[in-house]
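Observations on chain architecture
Each chain, written out:
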Amino acid sequence: MEELTPKIKDALLKINFVERYEKLSAQFSAARTPADDRLIYIDGEEVMEMIRAAGYSPQFNTKEKFYKIQEEHIGKYSFGFHIILRDGMADLVWIVREGDVLLLGSPWGTYSRRLIDVDYRIKKPVFGTYEDLEAILKIAFEMYEDFKCALQ
């Protein structure tokens, strides 16, 4: 598994990424929402509206089947956020580039493994309702904003 660059690692540590992701995972766990209660079929427009309501410009990548927000350029960095909603779980991916160099572009679950130990796992947040999904996205966007500030 590829190492995190020092600046990405520092930013993740500064925002207490692992603790916050563990809390999100525990709050929206499989124990809380078993497989039979998960929201499997999703109204894409409803998700797009949630993202817009959070203040972002969403798009849906029909080929790869994920939502993304419009890329943002801050100083020497460009930031993106991809949201993969599959089987009632949210897989969250931050994309960070410095110029043409990709610094980060993998799912959140890999960040903790790169920060702590390759065997350390945090489960994806699970949702059974649109309200759950909206709450997950709200927390994820707060973490995203904190991360962007911490990296600058």
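Look up a bit, the structure's there.
In this text, all values refer to a predicted model and were calculated from it rather than measured experimentally.

Turning next to the overall build of the protein. In terms of regular secondary structure, the protein is built from five helices and six strands. Mapped in sequence order, the helices and strands of the protein form the string α-α-α-β-β-β-β-β-β-α-α. Its C-alpha radius of gyration of 15 Å places the protein within 12% of the 15 Å reference for a compact globule of 152 residues. With the principal axes as the frame, the protein shows a C-alpha extent of 40 × 35 × 25 Å. Looking at the 152 residues of the protein, the share that counts as buried comes to 46%. Considering only intrachain contacts with a sequence separation of at least 6, the fraction spanning at least 24 residues in the protein is 60%. Carbon and sulfur atoms form 49% of the exposed surface of the protein, whose accessible area is close to 8300 Å². Averaged over its 21 positive side-chain charges, the protein has a centre that lies 4 Å from the centre of its 26 negative ones.

Okay, the layout of surface pockets next. With a probe scaled to a water molecule rolled over the atoms, the places where space remains empty come into view. Considering only enclosed or pocket space, the largest pocket measures out at about 160 Å³ in volume. What lines the largest pocket is Gln59, Lys68, Ile69, Gln70, Glu71, Gly80, Phe81, His82, Ile95, Arg97, Leu102 and Gly105. Among the elements of the structure, β2 (66-69), β4 (77-86) and β5 (89-98) are those that each provide at least two residues to the lining of the largest pocket. The biggest single contributor to the lining of the largest pocket is β4, with three residues.

Within the structure shown, the criterion is met by 18 aromatic pairs. An aromatic cluster is defined as three or more aromatic residues linked by ring pairs; in this entry it consists of Phe17, Tyr21, Tyr56, Tyr77, Phe79, Phe81, Trp94, Trp108, Tyr111, Phe141, Tyr144 and Phe147.

Let's shift gears to the side chain of Thr33. Note on placement: Thr33 falls in the loop between α2 (17-27) and α3 (44-53). You can call Thr33 buried: its relative accessible area is 5%. Not counting residues up to four positions away in its chain, the partners in contact with Thr33 are Arg38, Val126, Phe127, Gly128 and Asp132.

Now for the pattern of salt bridges. Between side chains of opposite charge, a pair can form as their charged atoms come close. Applying the stated criterion across every chain yields a total of eleven salt bridges. When the shortest N-O distance is used, the salt bridge between Glu98 and Lys76 registers 3.4 Å. Placement of the pair is Glu98 in strand β5 and Lys76 in the loop between β3 (72-74) and β4, with a sequence separation of 22 residues. The partly exposed category is assigned to Glu98, whose relative accessible area is 21%. Judged by its relative accessible area of 52%, Lys76 is exposed. Note that Lys138 and Glu142 form a salt bridge whose closest N and O atoms lie 2.9 Å from each other. Here Lys138 pairs with Glu142, and both are found in helix α5 (residues 130-151), just four residues apart, close to one helical turn. Note on Glu142: relative accessible area 37%, which makes it partly exposed.

Conventions we followed
- Residues numbered from 1 in each chain as written.
- Predicted model: local features only at pLDDT ≥ 70, side-chain atom pairs only at ≥ 80, totals over all residues.
- Heavy atoms only, no water.
- Helix = DSSP H or I, 4+ residues; strand = E, 2+ residues; numbered from the N terminus.
- Rg over C-alpha atoms; globule rule 2.2 N^0.38 Å.
- Buried < 20%, exposed > 50% of the residue type's maximum accessible area, 1.4 Å probe, protein only.
- Contact = heavy atoms within 4.5 Å.
- Areas by Shrake-Rupley, 256 points an atom, 1.4 Å probe, with all protein chains shown as cover.
- Lys, Arg positive; Asp, Glu negative; His and termini not counted.
- Charge placed at Lys NZ, Arg CZ, Asp CG, Glu CD.
- 1 Å grid on protein atoms, 1.4 Å probe; cavity = no way out; pocket = protein on both sides within 12 Å on 5 of 7 lines; lining within 4 Å.
- Points joined across faces, edges and corners; volume = space filled by probe spheres on them.
- Phe/Tyr/Trp six-rings, centres within 6.5 Å; stacked < 30°, edge-to-face > 60°.
- Salt bridge = Lys/Arg side-chain N within 4 Å of Asp/Glu carboxyl O.

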